[in-house]
Amino acid sequence: MSVDLRSQYLGLELANPVVASASPLTRSVDSLKRLQDAGVGAVVLPSLFEEQIEHEEMATHNLMLAGTELSPEAGGFFPEMQPHDTGADRYLKLIGDARKALSVPVIASLNGYTPGGWTRIAKQFEEAGAHAIELNVYFLAADPADTGAAVEQRYLDLVASVRAATRIPVAVKVAPYFSAMASMAVRLVKAGASGLVLFNRFVQPDIMLDELEVAPHLVLSTSDELRLALRWIAILHGRVEASLAATGGAHTPDDVIKVLLAGADCVMVASSLLKKGPQHVDALVRGVEAWMRERDYESVAQMKGSLSQQSCPDPDAFERSNYMKALKSYSSEFA
Ligand SMILES: Cc1cc2nc3c(=O)[nH]c(=O)nc-3n(C[C@H](O)[C@H](O)[C@H](O)COP(=O)(O)O)c2cc1C
């Protein structure tokens, strides 16, 4: 029996639902080709950061001002000047090169937290050939004066501003820390998100005891982390008019199968590929295919959401009662 692994994500047709998430493995054309050869359904390039774009705009602006101060004639020269080889230029080149080298969809990524002029770069992503944009909103509300409502509005304004800048689909990658995730998901879609990427994994800082310093501490994920995305994708499937991508903790074919059953349109992987290499994509895809054959699933479309909250026999399993059951069922040799 042949199985149909195709999946629709952001209106794009993926040959299979395993997507290379933004990571160092997606930052060179060689590595992107290896991922494609291993059978990936699409790739997400690493993020271009708001700070990089703003910093470069300011640097160019300052250079022009400095030139005007030096000599009045110089003022006429500097506006023609193009900033060369900036982070943004290199990024646009990566999009173009990736499009030329690959046949799978190329999703470019923007990382920011304030609605503003920098979001105009989305248009250049489109012109460089990106099939879609993933907007990673990475913001920590550390100011006690910042209310939940104000933070949420900032997210929505940011999504609307990227949406207005381009015609290609925009997926939004967010962290899970909203007090009303389901409502926020619906509002993000209303603001213009064609897809939700669940969830952003915050890099938590650590304190180095020897140096008495605070340092960033990036730890790769394990399969245990998958259940956060699993729960929310199951809850949101059928409730939002948008594609759903799972990210965080997909390491094995079983992990991929679980989030598809919960309702994901694709599964984004970074840590498992960084640990095992691009070739691991093939093991994931073949593993999903073998499981589908064994269980007589004909297509990924048939699997998708068949255990979402709306479809599963025990919808409470995704909510509060699951917590009570889990605590009661815990056993330890010491308790
Ligand atoms: C070294 C590294 C670099 C990453 N860079 C980016 C990035 O540039 N943009 C982004 O949205 N996510 C980035 N991520 C997050 C991944 O795309 C992914 O969402 C996250 O690691 C969870 O998936 P995983 O459990 O498969 O690793 C990065 C992750 C790692 C480990």
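Residues numbered from 1 in each chain as written. Predicted model: local features only at pLDDT ≥ 70, side-chain atom pairs only at ≥ 80, totals over all residues. Heavy atoms only, no water.

Comments concerning helix α9 (residues 253–262)
The test is simple: Each residue is assigned to one of three classes by its accessible area relative to the maximum for its type, calculated with a 1.4 Å probe on protein chains only: buried under 20%, partly exposed between the two thresholds, exposed over 50%. Strands are runs of DSSP state E lasting at least 2 residues, helices are runs of H or I lasting at least 4, and numbering of each runs from the N terminus. Whether two residues are in contact is decided by their heavy atoms, any of which lying within 4.5 Å being enough.
Taking burial as the measure, the 10 residues of α9 include seven buried ones, the bulk of the element. Here α9 has its buried residues at D255, V256, I257, V259, L260, L261 and A262. Considering only its buried residues, α9 is in contact with β3 (18–20), α8 (226–236), β11 (243–247), β12 (266–269), α11 (280–294) and α12 (300–303). Of the residues one or two after α9, G263 is the one with positive phi, at around 130°.

A look at the packing of aromatic side chains
What counts, and what does not: Two aromatic rings, drawn from Phe, Tyr or Trp (for Trp, its six-membered ring), form a pair once their centres lie within 6.5 Å of each other, and the interplanar angle then sorts them: stacked below 30 degrees, edge-to-face above 60, tilted otherwise.
Scanning the model with the defined rule gives six aromatic pairs in all. Here the aromatic cluster, defined as three or more aromatic residues joined through ring pairs, consists of Y138, Y177 and F202.

Topic: the site of the ligand
Test applied: Definition of nearness: a residue and a molecule or strand are near each other if at least one heavy atom of the residue lies within 4 Å of the molecule or strand. Think of a polar contact as two N or O atoms within 3.5 Å of one another; within protein, one of them needs to be a possible hydrogen donor and the other a possible acceptor, and neighboring residues in sequence only count if both atoms come from side chains. Accessible areas in this description were obtained via Shrake-Rupley with a 1.4 Å probe; residue shielding takes into account the shown protein chains only. Only protein atoms enter the 1 Å grid used here. Points where a 1.4 Å probe fits but cannot escape make up a cavity, open sets with protein on both sides within 12 Å along at least five of seven lines make up a pocket, and a residue lines them when an atom lies within 4 Å of a point. For this analysis, a molecule is said to be in a pocket or cavity if more than half of its atoms are within 2 Å of the grid points defining it. Polarity classes work like this: nonpolar for Ala, Val, Leu, Ile, Met, Phe, Trp, Tyr, Cys and Pro, charged for Asp, Glu, Lys and Arg, and polar for all others, with Gly in that last group.
Surrounding the ligand, one finds 19 residues, the nearest of these being A22, S47, N136, S221 and S271. The separation between an oxygen atom of the ligand and a polar side-chain atom of T247 is 2.7 Å. In this structure, S271 approaches the ligand through a side-chain N or O atom, which is 2.5 Å from an oxygen atom. Expressed as a share of its isolated accessible area of 620 Å², the protein-covered part of the ligand is 86%. Mapping the ligand onto the cavity grids shows that it belongs to the largest pocket. Of all the secondary-structure elements, those providing two or more residues to the shell around the ligand are β4 (42–49) and α10 (271–276). Each residue belonging to the shell around the ligand can be placed in one class, and the counts come to eight nonpolar, nine polar and two charged.

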